Amino acid sequence: VGLQRALEMTPSAIVEAITTSGLRGRGGAAFPTGIKWRTVLNTQATQKYVVCNADEGDSGTFSDRMIMEDDPYTLIEGMIIAGLAVGATQGYLYLRFEYPDAWQVLNEAISTAYAAGVLGASVLGSGRHFDLEVRLGAGAYICGEETSLLESLEGRRGQIRFKPPLPAIAGLFGQPTAINNVISLATVPVILARGAEFYRDFGVGRSRGTLPIQLAGNLARGGLVEKAFGVRLDELLYEYGGGSASGRPLRTVQAGGPLGSYLPAAHFDTLVDYEAFAARGAMLGHGGLVAFDDTVNMASMARYAFEFCALESCGKCTPCRIGSTRGVEVIDRLLAAHHKTRELTLLNDLCETLQHGSLCALGGLTPLPVQSALRYFPEDFGLPPSAAPARGA
């Protein structure tokens, strides 16, 4: 129904409906989808593209995989509508290498869609053209970043591009490109079918609609629950997740993937809302929650954040490439030192350099888990509470 209605609308009207709905990117940055599409629509070019970022690499996330394996036609429909909205005739679905079942299901669904006349030279007999194919990633976490993904799609090593220009203006093969996450695109048909106001009426503040929240880590009931924005974190962890699987008290939860902040139990009253998370120095990201009980060593978790960044860095910028390795060394010295002030000062300076000097969010977000671990759990570093950084508390 959503696609049929889109075929009856002008591109500008489709974009306006998405804008009115309040849909924001579900891949992490939460950028308004309507603004992105409007930019692509208004950029003049002979060829435009729609790209679906299905490189779901964050820890504790699996909502994209469930959509692709269990309801691929919703995603295909959303990509076609996006093409109609921005004037694109070609779509690419960039799929995570580690999802072989999704690869098979998506390709079969696309073949069926072509046979049914939903894809191809005349979408549902409308004379509107849209082609779609799946491209497989090569297992690089950095390709979840949109410009690195575009480099990979073009057949090159996945490395960050300088911005500007934004992909909406000069993206795939230098042409205007709408890049959206799986959940973002799979939400589009509902908005077109039920109306922008229907979707907008869910949620709180600027966080409109619903979010598939993935519960993982030390929880009695891991899984996925889709709720309107505004549900409390403790409701998700205890009422839906059942508390810890170990039976011990939950000490912290990490949201936003391996580079997200750690929220202590005192902040479990936080609403699932992009702005509410940001106010506490955290990010909601892709909606994955990873819970830890009171046996977790937060100094080890902070060290792991640097290790992860060092392993997954594309190497293009010095702060991320070198700073992540230095971070592991500084934490090791901090834990071993009898006089910790010097190493703590160095660690905070290093985090500031990563945050402000990195080309992309991989290096820029690595300080979040490190600094939140220091802020809320200084005892794990052998530090008194007063020694922890105060920002974002």
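Visitor: Help me understand the side chain of Thr 147 in this model?
Guide: By secondary structure assignment, the location of Thr 147 is in helix α7 (residues 146-153). Polar side-chain contacts of Thr 147 include one of 2.6 Å to the side chain of Glu 145. A distance of 3.1 Å separates a polar side-chain atom of Thr 147 from the backbone nitrogen of Arg 161. Those residues in contact with Thr 147 that sit more than four places away from it in its chain are Gln 159, Ile 160, Arg 161, Lys 163 and Pro 167.

Visitor: Honestly, the sheet that holds strand β2 (residues 90-95) in this entry has me stumped. Any pointers?
Guide: Backbone-to-backbone hydrogen bonds join strands into a sheet, with any given pair of strands oriented parallel or antiparallel. Sheet architecture is open: four strands sit in the order β3-β2-β1-β4, paired in parallel fashion. The two strands at the open ends of the sheet, each matched to only one other strand, are β3 (131-136) and β4 (177-181). Neighbour-to-neighbour, the strand axes of this sheet turn through a mean angle of 20°, independent of strand direction. As defined by bridge partners, β2 adjoins β3 across six bridges and the pair is classed as parallel. In the sheet register, Gln 90 faces β3, and the bridge partner there is Asp 131. Sheet contacts for helix α5 (residues 72-86): β1 (49-54), β2, β3 and β4; angle to β1, the most-contacted strand, approximately 145°.

Visitor: Is there a simple way to think about helix α12 (residues 298-312) in this case?
Guide: Its 15 residues place the ends of α12 21 Å apart at the C-alpha level, agreeing with the 21 Å of an ideal helix rising 1.5 Å per residue. Of the positions making up α12, those classed as buried are Met 298, Ala 299, Met 301, Ala 302, Ala 305, Phe 306, Phe 308, Cys 309 and Glu 312. Where α12 begins, the side chain of Asn 297 points an oxygen toward the backbone nitrogen of Ala 299, at a separation of 3.0 Å.

Visitor: Quick question: what am I supposed to make of a nonpolar patch on the surface here?
Guide: Taken together, the side chains of Phe 97, Trp 103 and Leu 136 present a nonpolar region at the surface, about 290 Å² in accessible area. As for its placement among the helices and strands, Trp 103 is situated in helix α6 (residues 100-115).

Visitor: Got a minute to help me understand the environment of Glu 352 in this structure?
Guide: Relative to the elements of secondary structure, Glu 352 occurs in helix α14 (residues 341-357). Spatially, the C-alpha atoms of Glu 352 and Pro 319 are 9.9 Å apart, while their sequence positions differ by 33 residues.

Visitor: Sorry, what's going on with the pattern of salt bridges here?
Guide: Between side chains of opposite charge, pairing is possible as soon as their charged atoms come close. Within the structure shown, the criterion is met by 22 salt bridges. Residue Glu 154 pairs with Arg 161 through a salt bridge whose shortest N-O separation is 2.8 Å. The closest approach of N and O atoms between Arg 251 and Asp 380, which form a salt bridge, is 2.8 Å. Taken together, the residues span a long stretch of sequence, with Arg 251 in strand β9 (residues 250-255) and Asp 380 in the segment after α16 (367-376) at a distance of 129 residues. Take Arg 251 and Asp 380: they sit in the same class, and that class is buried. Through salt bridges with shared partners, a single network forms among Glu 151, Glu 154, Arg 156 and Arg 161.

Visitor: Would you take a moment to explain the environment of Arg 303 for this structure?
Guide: Mapping Arg 303 onto the fold places it in helix α12. Exposure remark for Arg 303: the relative accessible area of 24% places this residue in the partly exposed category. Taking the C-alpha atoms as reference, Arg 303 lies 20 Å from Asn 218; in sequence the two are 85 residues apart. Arg 303 has contacts with Val 328, Ile 331 and Asp 332, leaving out every residue within four places of it along the chain. Of note is the side chain of Arg 303, whose polar atom sits 2.7 Å from the side chain of Asp 332.

Visitor: Whenever I open this one, the sheet that holds strand β11 (residues 288-293) confuses me. Can you help?
Guide: Across the sheet, which stays open at both edges, the five strands sit in the order β8-β7-β11-β9-β10 with mixed pairing between neighbours. Taken across any chain shown, the strands that pair with only one partner, and hence form the sheet edges, are β8 (223-228) and β10 (262-264). Averaged over all neighbouring strand pairs, the angle between strand axes comes to 30°, with direction disregarded. Direction of pairing for β9 relative to β10: antiparallel, over a ladder of three bridges. By the bridge assignment for β10, Thr 252 is matched with Pro 264.

Visitor: Whenever I open this one, the side chain of Glu 145 confuses me. Can you help?
Guide: Turning to its location among the elements, Glu 145 is positioned in the loop between β3 and α7. Apart from the residues lying within four places of it in its own chain, the contact partners of Glu 145 are Ile 160, Lys 163 and Cys 360.

Visitor: Would you mind going over the environment of Ile 76 with me for this structure?
Guide: With respect to the helices and strands, the residue Ile 76 is situated in helix α5. When the C-alpha positions of Ile 76 and Asn 218 are compared, they lie 34 Å apart, and in sequence the two are 142 residues distant. Residues within four places of Ile 76 in sequence aside, it is in contact with Ala 109, Ile 110, Leu 119 and Leu 132.

Visitor: How should the nonpolar core be read in this particular structure?
Guide: Grouped burial of nonpolar side chains is what soluble globular proteins tend to show. With 48 residues, the main nonpolar core has Trp 37, Met 68, Leu 75, Met 79, Leu 93 and Leu 95 as its most contacted residues. It is α5 that contributes the most residues to this core, nine residues altogether. Filtering out sequence-adjacent residues up to four positions away, Leu 93 remains in contact with Cys 52, Ala 54, Met 68, Leu 75, Met 79, Leu 106, Leu 132, Glu 133, Val 134 and Arg 135. If you look at the next biggest cluster of nonpolar residues, it comprises 27 residues, including Ala 305, Val 328, Leu 350 and Phe 381.

Definitions and cut-offs
- Sequence order as written defines the numbering, with residues in each chain counted from 1.
- pLDDT decides what is reported in this predicted model: residues at 70 or higher carry local features, side-chain atom pairs at 80 or more are listed and counted, and totals for whole chains, interfaces and linings draw on all residues regardless.
- As a rule here, side-chain values come from all non-hydrogen atoms in the structure, and water together with hydrogens is ignored.
- Under the scheme used here, helices are H or I runs from DSSP no shorter than 4 residues and strands are E runs no shorter than 2 residues, and both carry numbers assigned from the N terminus.
- Polar contacts, as counted here, are pairs of nitrogen or oxygen atoms within 3.5 Å of one another; within protein the pair requires one atom able to donate a hydrogen and one able to accept it, and residues that are adjacent in sequence qualify only if both atoms are side-chain atoms.
- Residues count as neighbours in contact if any of their non-hydrogen atoms are within 4.5 Å of one another.
- Here the rule is simple: two strands pair whenever DSSP picks up at least two bridges between them.
- Between N-to-C directions, angles cover 0 to 180 degrees, with each direction set by a line fitted to C-alpha atoms, over the stretch in contact for helices.
- One less than the residue count of a helix, multiplied by 1.5 Å, gives the span that helix is expected to have.
- Each residue gets one of three labels from its accessible area relative to the maximum for its type: buried under 20%, exposed over 50%, partly exposed in between, using a 1.4 Å probe on protein chains only.
- Patches in this entry comprise residues that are over 30% relatively accessible and not in a salt bridge; like charges within 9 Å are linked, as are nonpolar side chains (Val, Leu, Ile, Met, Phe, Trp, Tyr) within 5 Å.
- Per-residue accessibility takes into account occlusion by the displayed protein chains alone, with areas from the Shrake-Rupley method and a 1.4 Å probe.
- Here, a salt bridge means any side-chain nitrogen of Lys or Arg that lies within 4 Å of a carboxyl oxygen of Asp or Glu.
- Among buried residues, the Ala, Val, Leu, Ile, Met, Phe, Trp, Tyr and Cys ones that are joined through side-chain atoms within 4.5 Å form a nonpolar core.

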